[in-house]
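Examination of the molecular architecture
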Amino acid sequence: MISGAYRDQFHIPPVNGKDSIYLCGNSLGLQPKKVKEYVTEVLDDWAMLGVEGHTQAKYPWLPYHEFLTSSMARLVGGKESEVVTMNSLTVNLHLLMASFYRPNKKRYKILIESDAFPSDKYAVASQAKMHGFDERDAIIEWAPPPGEHCVRLEGLKEILEQQGEEIALFLIGGVNYYTGQYMDIKTITEMGHAHGITVGFDLAHAAGNVAMKLHDWKVDFAAWCSYKYLNSGPGSLGAIFIHDKHGQDMSVPRLSGWWGHNKVTRFGMRDAYDPLPGAEGWQLSNPPILPLAAMRASLELFDQAGIENLQSAAKENVKFLYDAFADSKLIKVITPENPTERGGQLSLLVLHDGKKLYDHITAHRVIADWREPDVIRIATAPLYTTMQDAEAFVRIVESFR
Ligand SMILES: *Cc1c(COP(=O)(O)O)cnc(C)c1O
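Here's what I pulled together on the structure shown here. (Residues numbered from 1 in each chain as written. Predicted model: local features only at pLDDT ≥ 70, side-chain atom pairs only at ≥ 80, totals over all residues. Heavy atoms only, no water.)

**Here's the deal with the site of the ligand**
Neighbouring residues of the ligand: L89, T90, F117, D120, D202, A204, H205, Y227 and K228. Separating a nitrogen atom of the ligand from a side-chain N or O atom of D202 is a distance of 3.2 Å. At 3.0 Å, a side-chain N or O of H205 approaches an oxygen atom of the ligand. Calculation on the ligand without its partners gives an accessible area of 390 Å², and the protein chains cover 82% of this total. Of the pockets mapped on this structure, the ligand occupies the second largest pocket. Looking at the shell around the ligand, its residues break down into four nonpolar, two polar and three charged. (Near = heavy atom within 4 Å. Polar contact = N/O pair within 3.5 Å; in protein donor to acceptor, adjacent residues only side chain to side chain. Areas by Shrake-Rupley, 256 points an atom, 1.4 Å probe, with all protein chains shown as cover. 1 Å grid on protein atoms, 1.4 Å probe; cavity = no way out; pocket = protein on both sides within 12 Å on 5 of 7 lines; lining within 4 Å. Sits in = over half its atoms within 2 Å of the grid points. Nonpolar A, V, L, I, M, F, W, Y, C, P; charged D, E, K, R; others polar.)

In structure tokens:
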């Protein structure tokens, strides 16, 4: 498959009447053309059926989230019982930590990357506080070696040798949002487990970008959003993975609501809570169907293309871009050079006049992401980003002076 093979299935935002060079799929994925049809279908069902849409719609609302489960599970390498679409990402991180961050006086620390997305940092700090710990003591940051931008496993090893028995939880970005570094999820999980630590991943920048095998890698839990590489629309729903070793264990405590209750008796409105086995047992509320409809349109394309094919198509574009800037006096790529340590994103540290360069590329129809003080993030989202986009981007950067 070549990168951009599904481009005609997407709306490409225009700039000055021409297609933009859209390199921002890591931030907000583009709209699949089928979204309108699928969302309209739900609106029509609601208009024509009212409450009966729960059971009578072509895609009935009661089980609507189930239509997405197998596609979502394939993307992360989970079993269907291990994955469910629900809520938003940060909300899900908290729900998962309610179950999997169970600190005691001896083992209470949470390890996170130093460059983690702010929401994740706020989430872990507040969890530690909720349990009565001081975040300055309870949160350990896994930082890159001095002068480098990406973390190394040796650094994690050192932390574990010193504090491994005090750490309760890892919460790590599968692909770091800032550097684009794709972590060695399997090895990190093994390292954590060897010290008795529960290991969770935030896959916001990994889902739909890289192929994973969460079940085989024995990851304890993960959460991700669907509006980045997964093209499901601004603020659309997130999803979670809970390994069956926990999901099928009904003694694992969880915050509960009626949507996590046994489907057969859910509407009996009985008092006794009877949780569903698997990730579905972590649902609280009945989900909003309109964004799920948008997600269905997007995940169909991932099913057609296959995540492994998409990942290798992206690799070519990313290598082209990496090589193009290898000798640049203006740009230092901070994403790892090793192809197994990156996905579709490259983070470009601009050595001088960064904001001016960003304004220059913007004036030339490039839509990319600016991070203060000096980083431009670009992403190739291989459903719709073409090699021509990558080539045009390099030419535009080279024309900057
Ligand atoms: C995008 C992103 C978020 C955003 O969280 P929401 O709850 O969806 O607003 C959180 N964490 C990471 C790592 C992200 O990349």
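**Section: the packing of helix α11 (residues 307–324) against helix α13 (residues 387–398)**
At a minimum axis separation of 10 Å, α11 and α13 run at an interaxial angle of 15 degrees. Considering their axes alone, α11 and α13 lie roughly parallel with respect to each other. Judged by the sense of rotation from one axis to the other, the crossing of α11 with α13 is right-handed. Taken together, the residues of α13 that come into contact with α11 (itself represented by E316, N317, F320, L321 and A324) are M387, A390, E391, F393 and V394. Each residue belonging to the contact of α11 with α13 can be placed in one class, and the counts come to seven nonpolar, one polar and two charged. (Axes fitted to C-alpha atoms, helices over the stretch in contact; angles between N-to-C directions. Helix = DSSP H or I, 4+ residues; strand = E, 2+ residues; numbered from the N terminus. Parallel < 35°, antiparallel > 145°, perpendicular 65-115°, else oblique. Left-handed = near helix turned anticlockwise from the far one by under 90°. Contact = heavy atoms within 4.5 Å.)

**Digging into the pairing of strand β7 (residues 109–113)**
In terms of residue burial, β7 counts as a mostly covered element, since five of its five residues are buried. Here β7 shows no split at all, with K109, L111 and E113 on one side and I110 and I112 on the other all buried. Pairing analysis gives three bridges linking β7 to strand β9 (residues 167–173), with the strands arranged parallel. Within β9, the position partnered with K109 by the bridge is I167. Both β7 and strand β8 (residues 139–142) contribute to a ladder of four bridges, which runs parallel. Considered in β8, the bridge of I110 is made with I139. (Buried < 20%, exposed > 50% of the residue type's maximum accessible area, 1.4 Å probe, protein only. Pairing = 2+ DSSP bridges.)

**Section: the side chain of D120**
In this structure, D120 sits in helix α5 (residues 118–130). Once residues within four sequence positions are removed from consideration, D120 is found in contact with L93, I112 and D202.

**As for the packing of helix α4 (residues 89–100) against α5**
Helix-helix packing is described using two parameters, namely the angle between the two axes and the distance between the axes. Relative orientation of the contacting elements α4 and α5 amounts to 30 degrees, with a least axis distance of 10 Å. Relative to α5, the element α4 is oriented roughly parallel. For the pair α4 and α5, the sense of crossing is right-handed. Contacts between α4 and α5 involve T90, L93, H94, M97 and A98 on the former and, on the latter, S119, D120, A123, V124, S126 and Q127. When grouped by side-chain class, the residues that make up the contact of α4 with α5 number five nonpolar, five polar and one charged.

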